[in-house]
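Residue-level listing of the chains:
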Amino acid sequence: MAKRAKFTFSFAPEAIEHLDLIEAKYHGLLRRTINEQLMHTPAQETRNRKPLDQPAPFGASWELRCGPGNRFRVFYEVETQAHEVQVLAIGVKERNRLLIGGEEYQL
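Here's what I pulled together on the structure shown here. (Residues numbered from 1 in each chain as written. Predicted model: local features only at pLDDT ≥ 70, side-chain atom pairs only at ≥ 80, totals over all residues. Heavy atoms only, no water.)

## A word on the overall build of the chain
When you go through the chain residue by residue, the secondary structure sums to two helices and seven strands. In sequence order, the secondary structure elements of the chain are arranged as β-α-α-β-β-β-β-β-β. By principal-axis analysis of the C-alpha atoms, the chain measures approximately 40 × 30 × 25 Å. Taking all 107 residues of the chain together, the buried fraction comes to 36%. Within the chain, contacts between residues separated by at least 24 positions form 46% of all contacts whose residues are at least 6 apart in sequence. (Helix = DSSP H or I, 4+ residues; strand = E, 2+ residues; numbered from the N terminus. Buried < 20%, exposed > 50% of the residue type's maximum accessible area, 1.4 Å probe, protein only. Contact = heavy atoms within 4.5 Å.)

## Some details on the pattern of salt bridges
Within the structure shown, the criterion is met by three salt bridges. Among the ionic pairs, Glu 63 bridges to Arg 65, the shortest N-O distance being 3.2 Å. By relative accessible area, Arg 65 is classed as partly exposed at 28%. With its nearest N and O atoms 3.4 Å apart, the salt bridge here joins Glu 104 to Arg 97. Ionic contacts of the salt-bridge type, sharing partners, join the residues Glu 63, Arg 65 and Arg 73 into one network. (Salt bridge = Lys/Arg side-chain N within 4 Å of Asp/Glu carboxyl O.)

## Side note on the nonpolar core
Ranked by internal contacts, the top residues of the largest apolar core, which has 19 residues, are Ile 22, Leu 30, Phe 72, Val 74, Tyr 76 and Ile 90. Elements with a minimum of two residues in this core: α1 (13–20), α2 (27–38), β3 (62–66), β4 (72–79) and β5 (84–94). Within the second largest apolar cluster, seven residues are counted, among which are Phe 75, Leu 88, Ala 89 and Ile 100. (Core = buried A, V, L, I, M, F, W, Y, C linked by side-chain atoms within 4.5 Å.)

## Notes on α2
The terminal C-alpha atoms of α2, which comprises twelve residues, lie 16 Å apart, in line with the 16 Å expected from a rise of 1.5 Å per residue. Among the residues making up α2, those that are buried are His 27, Leu 30, Thr 33, Ile 34 and Leu 38. Angular distribution of buried residues about the axis of α2 spans 130°; they occupy a single face of the element. Contacts from the buried residues of α2 go to β1 (8–11), α1, β2 (49–51), β3, β4 and β5. (Expected span 1.5 Å × (residues − 1). Arc of directions from axis to C-beta.)

See the structure below:
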């Protein structure tokens with residue numbers, strides 16, 4: 001079986017700030033999910049990974065849904081040639097509201 005190339009991750013400074021606003025008990029879950037879901041095939045659509053219509057928050061082209069009740073949203077961009085995933089924003093979905101860094105964004 002052929003090995004799949006691993007993607008490297010980089011986090012925008014804003015994404016780190018967004019993570020700081022999320023309860024610390026979820027940080028490990030978010031890190032683990034980002035690693036598992038985006039390490040090998042970040043640009044493949046799945047049940048919890050969706051391409052976004054533009055314009056999207058922070059210019060992201062992909063969204064990863066995770067956490068209890070899929071309440072967290074990780075917005076990212078994929079550089080296929082460089083095998084890099086750039087996490088641009090991390091938000092919390094509460095009912096019909098998306099909060100990123102304490103600000104509400106349209107869905």
